[in-house]
Amino acid sequence: MDLRKVVGTRPLIMAGACVLLLNNNQLLLGLRTDNGLWGLPGGSLEPGESMEEVAVRELAEETGLKERKIEMKSRN
């Protein structure tokens, strides 16, 4: 939100990660407080973080769950 205060509504390109947490074909979703929609745990990359680190951090921040094993998949 601090960045939005500086750049306003101009488009931004930011790196980030979402976590797909599966348990017996069930997918974990969280109800977002900003728009009231269901979504995946995830967020933006902080300076110096790897994609694995942002995934682990966001999962813990948004769900309280500690990762056991992160398997990275690319959209490509």
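Residues numbered from 1 in each chain as written. Predicted model: local features only at pLDDT ≥ 70, side-chain atom pairs only at ≥ 80, totals over all residues. Heavy atoms only, no water.

Enquirer: Run through the nonpolar core, naming residues and quoting values.
Expert: Residues A17, V19, V54, A55 and L59 constitute the largest nonpolar core, which totals five residues. Looking at which element gives the most residues to this core, the answer is helix α2 (residues 51–63), with three residues. (Core = buried A, V, L, I, M, F, W, Y, C linked by side-chain atoms within 4.5 Å. Buried < 20%, exposed > 50% of the residue type's maximum accessible area, 1.4 Å probe, protein only. Helix = DSSP H or I, 4+ residues; strand = E, 2+ residues; numbered from the N terminus.)

Enquirer: Any details on the environment of S44? Residues and values, ideally.
Expert: With respect to the helices, strands and loops of the structure, S44 is situated in strand β6 (residues 42–44). As a C-alpha pair, S44 and N24 span 20 residues in sequence and 28 Å in three-dimensional space. Every residue in contact with S44, bar those within four places of it in the chain, is listed here: M14, A15, G16, E49, V54, R57 and E58. (Contact = heavy atoms within 4.5 Å.)

Enquirer: Explain a nonpolar patch on the surface to me, and be specific about the residues and the numbers.
Expert: On the surface, L20, L22, L27, L29, L31, W38 and L40 cluster together into a nonpolar patch covering about 730 Å² of accessible area. Checked against the element boundaries, L29 lands in the loop between β3 (26–27) and β4 (30–31). The exposure class of L29 is partly exposed, given its relative accessible area of 39%. (Patch = residues over 30% accessible without salt bridge, like charges linked within 9 Å, V, L, I, M, F, W, Y side chains within 5 Å. Areas by Shrake-Rupley, 256 points an atom, 1.4 Å probe, with all protein chains shown as cover. Salt bridge = Lys/Arg side-chain N within 4 Å of Asp/Glu carboxyl O.)

Enquirer: Which residues make up the layout of surface pockets, and what values go with them?
Expert: Reported here for the largest pocket is a volume of approximately 1200 Å³. Mapped by element, the contributors of at least two residues to the lining of the largest pocket are β1 (16–18), β4, β6 and α2. It is α2 that contributes the most residues to the lining of the largest pocket, five residues altogether. Its residues assigned to classes, the lining of the largest pocket shows 17 nonpolar, nine polar and 10 charged. Approximately 240 Å³ is the volume found for the second largest pocket. Looking at the second largest pocket, the residues that line it are M1, L3, R4, L12 and M14. The class makeup of the residues in the lining of the second largest pocket is four nonpolar, no polar and one charged. (1 Å grid on protein atoms, 1.4 Å probe; cavity = no way out; pocket = protein on both sides within 12 Å on 5 of 7 lines; lining within 4 Å. Points joined across faces, edges and corners; volume = space filled by probe spheres on them. Nonpolar A, V, L, I, M, F, W, Y, C, P; charged D, E, K, R; others polar.)

Enquirer: Which residues make up the environment of N35, and what values go with them?
Expert: Following the sequence through the fold, N35 ends up in the loop between β4 and β5 (38–39). Separated by 31 residues in sequence, N35 and K66 have C-alpha atoms that sit 26 Å apart. At a separation of 2.9 Å, a polar atom in the side chain of N35 contacts the main-chain amide nitrogen of L37. (Polar contact = N/O pair within 3.5 Å; in protein donor to acceptor, adjacent residues only side chain to side chain.)

Enquirer: Tell me about the pattern of salt bridges, and please be specific about residues and values.
Expert: Scanning the model with the defined rule gives five salt bridges in all. Here D2 makes a salt bridge to K5, at a shortest N to O gap of 3.7 Å. One end of the pair is D2 and the other is K5, both in helix α1 (residues 2–7) and three residues apart, which spans about a single turn. Linking R57 and E49 is a salt bridge whose minimum nitrogen-to-oxygen distance equals 2.7 Å. You'll find R57 and E49 in the same group, each marked buried.

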